[in-house]
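Structure assessment
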Amino acid sequence: MSDPTVADTRRLNSKPQDLTDAYGPPSNFLEIDVYDPQTVGVGRNRFTTYEVRMRTNLPIFKLKDSIVRRRYSDFEWLKNELERDSKIVVPPLPGKALKRQLPFRGDEGIFEEAFIEERRVGLEQFINRIAGHPLAQNERCLHMFLQDESIDRNYIPGKV
């Protein structure tokens, strides 16, 4: 069985897992939740914000636990910044729902509970895919989005 074209399929020697390994804190974790949607304003100045909570033990993040409030346009800003300045493929955001924004609708349009929940799930998937990417974790815009109370749109792009 010394033929070099045949893959070696023997198992790696691994140590048995003990209780500390099984139930101890994970070695590296990054958890981001998008929750608690709140619609504010009236008329054309009405919009929905979402709470974005991040918990991590990754050394690249200065805060290990943070909560910020963001709106859909903030997620768009992050996507545009990453597409412009980083070398990663940025996943799509949930759609703008232009038909839901038409006047004289019989429903609440983009402020309908089912739509807000669908968008919340899409935004959570988007931010977790971005933040889980090792190259994106070095981008200043991601850190600002996740950890700063307000986004400085005049910031100087770059690495952390």
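The sections below set out a description of the structure shown in this document. (Residues numbered from 1 in each chain as written. Predicted model: local features only at pLDDT ≥ 70, side-chain atom pairs only at ≥ 80, totals over all residues. Heavy atoms only, no water.)

1. Thoughts on helix H4 (residues 140-147)
Rules: Think of it in three bands: with a 1.4 Å probe and only protein chains considered, a residue is buried below 20% of the maximum accessible area for its type, exposed above 50%, and partly exposed in between. Only DSSP runs of H or I covering at least 4 residues are called helices, and only runs of E covering at least 2 are called strands; the numbering of each starts at the N terminus. In what follows, a contact means two residues having at least one pair of non-hydrogen atoms within 4.5 Å.
Counting buried positions over the eight residues of H4 gives seven, a clear majority of the element. When H4 is considered as a whole, its buried residues turn out to be Cys141, Leu142, His143, Met144, Phe145, Leu146 and Gln147. Of the surrounding secondary structure, the elements contacted by the buried residues of H4 are strand E1 (30-40), strand E2 (47-56), strand E3 (65-71), helix H2 (72-85) and helix H3 (113-131).

2. Describing the packing of H2 against H4
Operational definition: To obtain each axis, a line is fitted to C-alpha atoms, and for helices this fit is confined to the stretch in contact; angles are then taken between N-to-C directions over 0 to 180 degrees. Comment on the angle field: the value is read as roughly parallel under 35 degrees, roughly antiparallel over 145, roughly perpendicular from 65 to 115, and oblique elsewhere. The hand of a helix crossing depends on one turn: near helix anticlockwise from the far one by less than a right angle means left-handed, and clockwise means right-handed.
Direction vectors running N to C along H2 and H4 enclose 165 degrees, while the axes themselves pass 9 Å from each other. Comparing the axis directions of H2 and H4 gives the class roughly antiparallel. Helix-helix and strand crossings are classified by hand; for H2 and H4 the assignment is left-handed. Of H4, the residues touching H2 (which contributes Asp74, Phe75, Trp77, Leu78, Glu81 and Leu82) are Cys141, Leu142, Met144 and Phe145.

3. Re the side chain of threonine 49
The test is simple: Counted as a polar contact is a pair of N or O atoms within 3.5 Å, where, for protein atoms, one must be capable of donating a hydrogen and the other of accepting one, and residues adjacent in sequence contribute only when both atoms are in side chains.
Relative to the assigned elements, threonine 49 resides in strand E2. Engagement of the side chain of threonine 49 in a polar contact is seen with the side chain of arginine 69, the distance being 2.9 Å. Aside from chain neighbours lying at most four places away, what touches threonine 49 is Asp36, Pro37, Gln38, Arg69, Arg70 and Arg71.

Scope: geometric values only; no functional claims are made or implied.
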